[in-house]
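Spelled out from the first residue to the last, the chains are:
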Amino acid sequence: MGIKIQDVAYVSFSAPDLDEMEAFLIEFGMVRAERTSDALYMRGLDENPFLQVTYLGEPAFLAAGFKAASMENLETLAREENAPIDSLNGPGGGSVVRLTDPNGFRIEVVAGRRSVARIDAPARSPINDAYAMLRLNTLKRLTKGPSHVKRLGHCVLNVRSFRESEAWYKSRLGLITSDEINLGSPEQALGAFLRCDRGPIPSDHHTMFLLGTGKPGFNHAAFQVADFDDLMCGHDFLKQKGRHHEWGIGRHLLGSQIFDYWRDPWGHTLEHWTDGDLLDAAWGSRISSLQDVIGTQWGPMPPSSMGS
Ligand SMILES: [Fe+2]
């Protein structure tokens, strides 16, 4: 039953002002892929034709898109779910199966999208740390400006019942647990960081995090930036632009990413991250505590508004 998705593909929203959304997303470090009268498609540096789409409308989170390994996989999912395969609008084309999860979230699984040419990342020079001196006779000079978003890394959803959602996602999308947040017994599971099962090919520590808050809602989407300096340059830039900072800068415990969270003009939380853990399927699963989720290896604790 089900398929094994390969990665998250995009997140989609609606917003009443596409100019304002585009201005924010450019400051956040994305690049316009396509703009129509009622849709804005944004991309990063990698081959994904778009990783964020905003449709004209009332502000809302609309859907999360995930990448199937092949058209055959998408056909399997469509057959098992008794769902149609539709054409995916926007740059890259492709096909999509639209499902509704137990919380009412729209989950879109896609295949057959055309890749776009990669955009070169800014030139990077090596880091001299206390043990490896790799940059010699070269000065470190960074260009001020937005971060460079390379790709979408994960999406976090608040769900009504964690176990119900966990079963739904695992059985359809083949996700596996990296860390389950547990207060002591299986009945006291609050959520889990889930990664893609790509066998021996390492995946991000989490592609999804399902958090059983009891009240379904979008928590955040997280975009990988070029490196630590790039994240810091973007932080300064967004601060200078007067954007709403949510949480950071710090280093997570679960997933280990250096993180920095911002809010879009309508309050949706978007994360910059770099230097996360990569785990293959054989790495297995762990049980972790609530403290492990909100605690950091360094950096501030989350504000009470985080995740809502
Ligand atoms: Fe995150």
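This is a predicted model, so every value here is computed, not measured. (Residues numbered from 1 in each chain as written. Predicted model: local features only at pLDDT ≥ 70, side-chain atom pairs only at ≥ 80, totals over all residues. Heavy atoms only, no water.)

**Student:** Now, about the overall build of the protein: what can you tell me, with residues and values included?
**Tutor:** The secondary structure content of the protein amounts to five helices and 20 strands. For 308 residues, the compact-globule formula gives about 19 Å, and the C-alpha radius of gyration of the protein, at 19 Å, lands near that figure. Principal axes of the C-alpha set define a box for the protein whose edges measure 60 × 50 × 35 Å. In the protein, which comprises 308 residues, the proportion classed as buried is 51%. Put simply, 66% of the contacts in the protein that link residues at least 6 apart link residues at least 24 apart. Accessible surface computed for the protein: about 13,800 Å², of which carbon and sulfur atoms make up 51%. In the protein, 31 positive and 39 negative side-chain charges are present, and the distance between their average locations comes to 3 Å. (Helix = DSSP H or I, 4+ residues; strand = E, 2+ residues; numbered from the N terminus. Rg over C-alpha atoms; globule rule 2.2 N^0.38 Å. Buried < 20%, exposed > 50% of the residue type's maximum accessible area, 1.4 Å probe, protein only. Contact = heavy atoms within 4.5 Å. Areas by Shrake-Rupley, 256 points an atom, 1.4 Å probe, with all protein chains shown as cover. Lys, Arg positive; Asp, Glu negative; His and termini not counted. Charge placed at Lys NZ, Arg CZ, Asp CG, Glu CD.)

**Student:** Now, about the pattern of salt bridges: what can you tell me, with residues and values included?
**Tutor:** Taken as a whole and assessed by the stated rule, the structure comprises 21 salt bridges. Ionic pairing is found between Glu22 and Arg35, a salt bridge with its closest N-O pair at 2.9 Å. Separated by 13 residues along the polypeptide, Glu22 in helix 1 (residues 18-28) and Arg35 in strand 2 (residues 31-35) bring together distant segments of the chain. One salt bridge in this structure joins Asp229 and Lys140, with 3.6 Å as the shortest N-O distance. Separated by 89 residues along the polypeptide, Asp229 in helix 4 (residues 228-240) and Lys140 in the loop between strand 8 (106-111) and strand 9 (149-159) bring together distant segments of the chain. Residue class for Asp229 comes out partly exposed when judged on its relative accessible area of 25%. Judged by its relative accessible area of 24%, Lys140 is partly exposed. (Salt bridge = Lys/Arg side-chain N within 4 Å of Asp/Glu carboxyl O.)

**Student:** Explain the sheet that holds strand 6 (residues 85-87) to me, using residue names and the numbers behind them.
**Tutor:** With mixed pairing, eight strands are arranged side by side in an open sheet as 2-3-4-1-5-8-7-6. Of all strands in the sheet, those bounded by a partner on one side alone are strand 2 and strand 6. Here the strands of the sheet are splayed against their neighbours by 30 degrees on average, with no regard to which way each runs. (Pairing = 2+ DSSP bridges. Axes fitted to C-alpha atoms, helices over the stretch in contact; angles between N-to-C directions.)

**Student:** Explain the coordination of the iron ion to me, using residue names and the numbers behind them.
**Tutor:** Bound to the iron ion are the protein donor atoms His154 (NE2), His220 (NE2) and Glu271 (OE), situated 2.0 to 2.2 Å from the metal. Donor residues binding the iron ion come from one chain and are separated in sequence as H-x65-H-x50-E. In this pair, His154 sits in strand 9 while Glu271 sits in strand 17 (residues 269-274), placing the two residues 117 residues apart along the sequence. Glu271 sits in the buried class, given a relative accessible area of 0%. (Donors = N, O, S within 2.8 Å, 3.2 Å for Na, K, Ca; no water.)

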